[in-house]
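Now for the letters of each chain:
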Amino acid sequence: MRKPIVAGNWKMNNTIRESVALAQGVRELVGSLTSVDVVVCPTYVSLHAVAEAVKGSNIAVGAQDAYVKDSGAYTGEISPRMILDAGAAWTIIGHSERRHIIGETDALLNEKCRFALDCGLKVMFCIGELLEERKAGKMQDVLRRQVEEGLKGLPAALLENLVIAYEPVWAIGTGETATPEQAEEAHVFTREVLAGMFGRDAAQAMRIQYGGSVKPDNAAELFSKENVDGFLVGGASLKADSFAAIVKAAC
Ligand code: PGA
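As a convention, each chain's residues are numbered from 1 in the sequence order in which they are written. Local features in a predicted model are, by the rule used here, given only for residues with pLDDT of at least 70; side-chain atom pairs are given and counted only at 80 or more, and totals for whole chains, interfaces and linings are based on all residues. To obtain the side-chain values, all non-hydrogen atoms of the structure were used and water was disregarded.

With that settled, consider the sheet that holds strand S7 (residues 207-211). Following DSSP output, two strands are said to pair if at least two bridges run between them. A run of DSSP states H or I qualifies as a helix once it reaches four residues; a run of E qualifies as a strand once it reaches two. Both are numbered from the N-terminal end. Taken in spatial order, the eight strands line up as S1-S2-S3-S4-S5-S6-S7-S8 and close into a barrel, and their pairing is parallel. For this sheet the average axis-to-axis angle between neighbouring strands, irrespective of direction, equals 25 degrees. Direction of pairing for strand S5 (residues 122-127) relative to strand S6 (residues 162-166): parallel, over a ladder of five bridges. Residue pairing in the sheet places Ile-127 in a bridge with Tyr-166 of S6. Contacts were defined at the residue level, with two residues in contact if any of their heavy atoms lie within 4.5 Å. The axes are straight lines fitted to the C-alpha atoms, using for helices just the contacting stretch, and the angles between their N-to-C directions are given from 0 to 180°. Lying on the sheet, helix H5 (residues 106-119) is in contact with strand S4 (90-93), S5 and S6; it crosses S5 at an angle near 160 degrees.

This is the structure:
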């Protein structure tokens, strides 16, 4: 049985004070649930304060990215060691906004993923096709490339700290959600690719989240699919009550 995992990606939203208030709200509503892993991902500057705000609850904290070096002359970057020191256990790697706005490549994301895991962070690794890629019938090619390039060379021992997030780019922040069938199809395919790389047992054990306009009113239907193991939530994670409703749908 794969334990469900629901994470809130707060993106570039909320000051420290606002982040703490949101974290406290989430804690009140779902902080004692143990049947689902709950992660909140504020900006770097709020990581420590949010980690303090959820300390002692079942809510974990994650960063939204992590660089590939421990320290040094890398202006503007943050290392996994610093993220861990701030009280976070997780990081997102390869979010579509970093792939498509910042221009991060499969090769860089592979380095980021491996380094973060090596340093002891848990990773939510995002994949997903653009609308034009889906329309051109290339969804599977894109997912295969992102998984094979992004996760190559990962030691089997670290796979338990890795979660995949399937986020079709056309569904992120658009209000347009993949249907449960579309999500399941992509998750099944992704699991096949993972099985080819890491073996069937490891692939079966790996959790695959869906992300892209997940809301309280569509979460339960998506979660009813066998291969949907939780969610990575953007917009709807910015309100404690809607995020909590999504968490509860995945219980
Ligand atoms: P959304 O974002 O829920 O606002 O579509 C999801 C994400 O980017 O992780």
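This part takes up the pattern of salt bridges. Salt bridges, as used here, are contacts in which a Lys or Arg side-chain nitrogen is within 4 Å of a carboxyl oxygen on Asp or Glu. One pass over the full model with this rule turns up 18 salt bridges. Residues Arg-99 and Asp-106 are paired through a salt bridge, measuring 3.1 Å at the closest nitrogen-oxygen approach. Between Glu-104 and Lys-112 there is a salt bridge, and its shortest N-O distance comes to 2.7 Å. The residues Glu-104 and Lys-112 share a single accessibility class, namely buried. One continuous salt-bridge network, built from bridges that share partners, spans Asp-65, Arg-98, Glu-104 and Lys-112. Partly exposed describes any residue whose relative accessible area lies between the buried limit of under 20% and the exposed limit of over 50%, with all areas from a 1.4 Å probe on protein chains only and scaled to the type maximum.

So, about the site of the ligand. By nearness alone, 13 residues border the ligand, and Lys-11, His-95, Glu-167, Gly-173 and Ser-213 come closest of all. Any pair of N or O atoms that falls within 3.5 Å is considered a polar contact. Within protein, one atom must be able to donate a hydrogen and the other to accept it, and sequence-neighbouring residues count only if both atoms are side-chain atoms. Interatomic distance of 2.7 Å between a side-chain N/O atom of Lys-11 and an oxygen atom of the ligand. A distance of 2.6 Å is found between an oxygen atom of the ligand and a side-chain nitrogen or oxygen belonging to His-95. To measure how exposed things are, a 1.4 Å probe is used in the Shrake-Rupley method; for residues, cover is taken only from the protein chains shown. Expressed as a share of its isolated accessible area of 280 Å², the protein-covered part of the ligand is 96%. Put simply, a residue is near a molecule or strand once any heavy atom of it comes within 4 Å of that molecule or strand.

For Lys-11, which is not a glycine, the phi torsion comes out positive at approximately 50 degrees. Considering the arrangement of structural elements, one finds Lys-11 in the loop between strand S1 (5-9) and helix H1 (16-30). The backbone of Ser-213 shows a phi angle near 55 degrees, a positive value even though the residue is not glycine. The exposure class assigned to Ser-213 is buried, which follows from its relative accessible area of 9%.

Looking now at H5. Each full turn of the α-helix corresponds to 3.6 residues, which orients residues three or four apart in the same direction. Working rule for helices: expected span equals 1.5 Å times residues minus one. Compared with an ideal rise of 1.5 Å per residue, which puts 14 residues at 20 Å, H5 spans 20 Å between its outermost C-alpha atoms and is within 8% of the ideal. Listed as buried for H5 are Asp-106, Leu-109, Asn-110, Lys-112, Cys-113, Ala-116 and Leu-117. Mapping the buried residues of H5 onto a view down its axis gives an arc of 165 degrees, with all of them on the same face. Structural note: H5 exposes Ala-107 and Asp-118 on the side pointing more than 90 degrees away from its buried face. On its buried face, H5 is in contact with helix H3 (80-85), S4, helix H4 (96-102), S5, helix H7 (139-150) and S6. Immediately beyond the C-terminal end of H5, within one or two residues, lies Gly-120, with a positive phi of roughly 105 degrees. This arc describes the spread of directions from the helix axis toward the C-beta atoms.

The next thing to look at is the nonpolar core. For soluble globular proteins, the rule of thumb is that nonpolar side chains tend to be buried together. As used in this record, nonpolar core signifies buried Ala, Val, Leu, Ile, Met, Phe, Trp, Tyr and Cys residues forming a set joined through side-chain atoms within 4.5 Å. Residues Phe-125, Leu-162, Tyr-210 and Phe-231 are the most contacted members of the largest nonpolar core, which totals 68 residues. Ignoring any residue separated from it by four or fewer positions in sequence, one finds Phe-125 in contact with Ile-93, Arg-99, Leu-109, Cys-113, Gln-146, Gly-150, Leu-151, Leu-162, Val-163, Ile-164 and Ala-165. Ranked by size, the runner-up nonpolar core spans 11 residues in total, among them Ala-7, Trp-90, Ile-92 and Cys-126.

Tracing the backbone through its elements, the reader meets Glu-129 in the loop between S5 and helix H6 (131-135). For Glu-129, a relative accessible area of 0% corresponds to the buried category. With 57 residues separating them along the chain, Glu-129 and Gly-72 place their C-alpha atoms 34 Å apart. Ignoring anything within four residues of it in the chain, the contact list for Glu-129 reads Arg-134, Met-139, Val-142, Leu-143, Tyr-166, Pro-168, Val-169 and Trp-170.

Examined against the element boundaries, Leu-22 turns out to sit in helix H1. Taking the C-alpha atoms as reference, Leu-22 lies 24 Å from Phe-223; in sequence the two are 201 residues apart. Dropping the residues within four chain positions of it, Leu-22 is found in contact with Trp-10, Asn-14, Ser-237, Leu-238, Lys-239 and Ala-240.

Interpretation note: all reported values are geometric properties and have no functional meaning in isolation.
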